[in-house]
Amino acid sequence: MPAAGLFFTFEGIDGAGKSTHIAALADAFTAEGRVVTLTREPGGTPLAEKLRELVLNDAMDPLSEALLMFAARRDHLQQVIEPALARGEVVLCDRFTDATFAYQGSGRGFDLNVLRQLENWVQARPDSPQIRQPDLTVWFDLPPEVAAQRLVAARMPDRFESQPQAFFERVASGYAQRMQASPERFARIASDLPREAVWQQVRQAFEQRNWLPPEGGRA
Ligand SMILES: Nc1ncnc2c1ncn2[C@@H]1O[C@H](COP(=O)(O)OP(=O)(O)O)[C@@H](O)[C@H]1O
Ligand SMILES: Cc1cn([C@H]2C[C@H](O)[C@@H](COP(=O)(O)OP(=O)(O)O)O2)c(=O)[nH]c1=O
């Protein structure tokens, strides 16, 4: 029987360390013989990448911002994520809907009920009464002041990364709320630690759920 598709998302405030560990996880699944689709939001398709450019660089009101995030997501789900899952692949997605709740909802203060409605529409599936949700969401939880220090050294800020620390405090609390609402879907990673210690937590989250074998445990 072909392997079932698996959908994993990675979340956290900007600079929390997602990119650093997604690549290592892709290698770990590839080593297990799985085909990995590595993708990101907003983006992941030609249309969604165009929307990403707009939403990361042009000023707009919070509803426009939320609608563009979900428009990009709809295209990404239909063109990339659902087909890859149907082929039995492992989809690793840098950010997904929890980011919209955290950034547009808690960060910008946009109505969470509207976001829930959009989530239900955009993630609806023709073959299931349940909406598409990640099998696991890895949340890199890092104090905003530490993330800011890491980013100063790393790269030029975009529209979100140039927000004040109070914005990221709200975003972080938005992630905490999403985890509280669906604890079984989340693995919280204490990210204010050296890279190797963060990686061990990430790896264990997948080993505990039998998606990866114990490291070094294979003949
Ligand atoms: N555990 C860590 N300790 C110190 N610096 C880190 C750690 N993890 C990542 N970094 C650095 O912090 C910056 C942001 O990491 P990155 O993986 O790009 O975050 P994100 O993708 O969540 O925005 C990068 O310069 C990265 O090298
Ligand atoms: C997916 C998503 C991202 N964002 C924001 C968070 C990030 O600041 C930005 C881009 O995310 P990201 O790809 O993580 O940026 P980078 O590669 O520079 O780390 O978009 C939202 O505000 N809402 C969303 O729904």
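Scroll up a little and you will see the structure.
Note that residues are indexed from 1 along each chain, following the sequence as it is written. All chains are assigned letters beginning with A, and all ligands numbers beginning with 1, in the order in which they are written. Owing to the predicted nature of the model, reporting of local features is limited to residues with pLDDT of at least 70; listing and counting of side-chain atom pairs is limited to 80 or more, with chain, interface and lining totals taken over all residues. Excluding hydrogens and water, the side-chain values take into account all heavy atoms of the structure.

## Focus on the sheet that holds strand E2 (residues 36-40)
Argument step 1. DSSP bridges decide pairing: two strands pair if at least two such bridges lie between them. Segments assigned H or I by DSSP are reported as helices when at least four residues long, segments assigned E as strands when at least two residues long, and all are numbered from the N terminus. With respect to topology, five strands assemble into an open sheet ordered E2-E3-E1-E4-E5, the strand pairing being parallel. Each edge of the sheet is formed by a strand with only one pairing partner; in this case those strands are E2 and strand E5 (186-190). Going from strand to strand, the sheet's axes swing by 20 degrees on average, the running direction of each strand aside.
Argument step 2. Pairing of E2 with strand E3 (residues 90-94) involves five bridges; the strand directions are parallel. Residue Val36 lies in a different strand from E3, and its bridge partner there is Val90.
Argument step 3. In what follows, a contact means two residues having at least one pair of non-hydrogen atoms within 4.5 Å. The angle between two axes is taken between their N-to-C directions and runs from 0 to 180 degrees, where each axis is a line fitted to C-alpha atoms and a helix contributes only its stretch in contact. Sitting on the sheet, helix H7 (residues 165-181) touches strand E1 (6-11), strand E4 (136-141) and E5, and the angle it makes with E4 is about 145 degrees.

## Comments concerning the environment of Gly12
Argument step 1. Along the chain, the position of Gly12 falls in the loop between E1 and helix H1 (18-31).
Argument step 2. Sequence-wise, Gly12 and Gly44 are 32 residues apart; in three dimensions their C-alpha atoms are separated by 19 Å.
Argument step 3. When neighbours within four sequence positions are excluded, Gly12 is seen to be in contact with Lys18, Arg95, Tyr103, Trp139, Phe140 and Tyr175.

## Topic: the packing of helix H3 (residues 62-86) against helix H4 (residues 97-107)
Argument step 1. Relative to each other, H3 and H4 sit at 175 degrees, their axes nearing to 11 Å. Judged by the inter-axis angle, H3 sits roughly antiparallel to H4. Each of Glu65, Ala66, Met69, Phe70 and Arg73 in H3 lies in contact with H4, whose residues at this interface are Thr97, Thr100 and Gln104.
Argument step 2. Considered class by class, the residues forming the contact of H3 with H4 number three nonpolar, three polar and two charged. Working definition: roughly parallel below 35 degrees, roughly antiparallel above 145 degrees, roughly perpendicular at 65 to 115 degrees, and oblique for all remaining angles. Classification convention: Asp, Glu, Lys, Arg as charged; Ala, Val, Leu, Ile, Met, Phe, Trp, Tyr, Cys, Pro as nonpolar; all other residues, Gly among them, as polar.

## Focus on the pairing of E4
Argument step 1. With respect to burial, E4 is a largely interior element, six of its six residues being buried.
Argument step 2. Burial of E4 is two-sided: the residues Leu136, Val138 and Phe140 facing one way and the residues Thr137, Trp139 and Asp141 facing the other way are all buried.
Argument step 3. The pairing of E1 with E4 spans four bridges and is parallel. Each residue of the ladder has a partner; that of Phe8, found in E4, is Leu136.
Argument step 4. As defined by bridge partners, E4 adjoins E5 across five bridges and the pair is classed as parallel. Directly across from Phe140, in E5, lies its bridge partner Ile189. Categorising residues by exposure relies on relative accessible area from a 1.4 Å probe, with only protein chains included: less than 20% of the type maximum marks a residue as buried, more than 50% marks it as exposed, and the intermediate range marks it as partly exposed.

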